[in-house]
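Residue-level structural notes
One letter stands for each residue in the lines below.
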Amino acid sequence: MKSKVEKSEKYKWAIVVDEKDLRRLDETIKSTLSSPNKEDNITLKYKIKCSDGSKIETSDINDVANEENLKIHSIENIDIVANNKDSTNEINVSLGRSFFETHTISYSIK
């Protein structure tokens, strides 16, 4: 019998995430979800919300790392949604504060 495991947490920490941290998070998510010898079974999507109201969606960590974080166009929130096409495994990470929520970091793993 297969078991179902879920874990979610929310934190109220101040956090600064740089390119190195984002790339390490990207690698960790991919290695956690990948099946043996099969990394192409993972879908990973980044959703970026900026202070000027613009939103960016991409599946490429390079696009996220290269996004300019200017005062007039600062990154307020990055949501990461990843899943394995061959299973029901899923990871969600949110960095930054959502408008109606007080947490700055949250994650959910299924």
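Criteria and thresholds
- Residues numbered from 1 in each chain as written.
- Predicted model: local features only at pLDDT ≥ 70, side-chain atom pairs only at ≥ 80, totals over all residues.
- Heavy atoms only, no water.
- Helix = DSSP H or I, 4+ residues; strand = E, 2+ residues; numbered from the N terminus.
- Buried < 20%, exposed > 50% of the residue type's maximum accessible area, 1.4 Å probe, protein only.
- Contact = heavy atoms within 4.5 Å.
- Areas by Shrake-Rupley, 256 points an atom, 1.4 Å probe, with all protein chains shown as cover.
- Pairing = 2+ DSSP bridges.
- Polar contact = N/O pair within 3.5 Å; in protein donor to acceptor, adjacent residues only side chain to side chain.
- Core = buried A, V, L, I, M, F, W, Y, C linked by side-chain atoms within 4.5 Å.
- Expected span 1.5 Å × (residues − 1).
- Arc of directions from axis to C-beta.

**Describing the overall build of the protein chain**
In terms of helices and strands, the protein chain carries 2 helices and 6 strands. Burial status across the protein chain gives 27% buried among its 110 residues. Put simply, of all contacts in the protein chain between residues at least 6 apart along the chain, 51% involve residues at least 24 apart. About 7900 Å² of surface is accessible on the protein chain, with carbon and sulfur atoms providing 50% of the total.

**A few points about the pairing of strand β4 (residues 75-84)**
Sheet topology places strand β2 (residues 42-50) next to β4; 9 bridges connect them, and they run antiparallel. Bridging across to β4, K45 finds its partner in V81. The sheet contact formed by β4 and strand β5 (residues 90-96) spans 7 bridges and is antiparallel. Its bridge partner being in β5, N77 is matched across the sheet by G96. Counting the residues in the hairpin turn of β4 and β5 gives 5 residues.

**Here's the deal with the environment of S54**
Tracing the sequence through the fold places S54 in the loop between β2 and β3 (55-58). Residues S54 and I75 lie 21 residues apart in sequence; the distance between their C-alpha atoms is 9.5 Å. Those residues in contact with S54 that sit more than four places away from it in its chain are I48, K49 and H73. Of the polar contacts made by the side chain of S54, one reaches the side chain of D52; its length is 2.7 Å.

**Some remarks on the nonpolar core**
General note: in soluble globular proteins, nonpolar side chains tend to be found buried as a group. Counting residues in each nonpolar core, the largest one holds 16 residues, and the members touching the most others are I29, Y46, V64, I78 and I80. Only α1 (19-33), β2, α2 (61-66), β4 and β5 provide two or more residues apiece to this core. With 5 residues, the top contributor of residues to this core is β2. When sequence neighbours within four positions are dropped, the list of residues in contact with Y46 reads D26, I56, E57, T58, S59, I61, V64, I78, D79 and I80.

**Some words on α1**
End to end, α1 covers 21 Å across 15 residues, agreeing with the expected 21 Å (1.5 Å per residue, within 8%). Residues of α1 that are buried: L22, D26, I29 and L33. The arc that holds the buried residues of α1, viewed along the axis, is 70 degrees, so those residues lie on one side. For α1, the exposed residues lying more than 90 degrees away from the buried face are K20, E27, S31 and T32. Contact partners of the buried residues in α1: β2, α2, β4 and β5. Taking the backbone nitrogen of K20 as reference, a side-chain oxygen 3.3 Å away marks D18 as the first, capping residue of α1.

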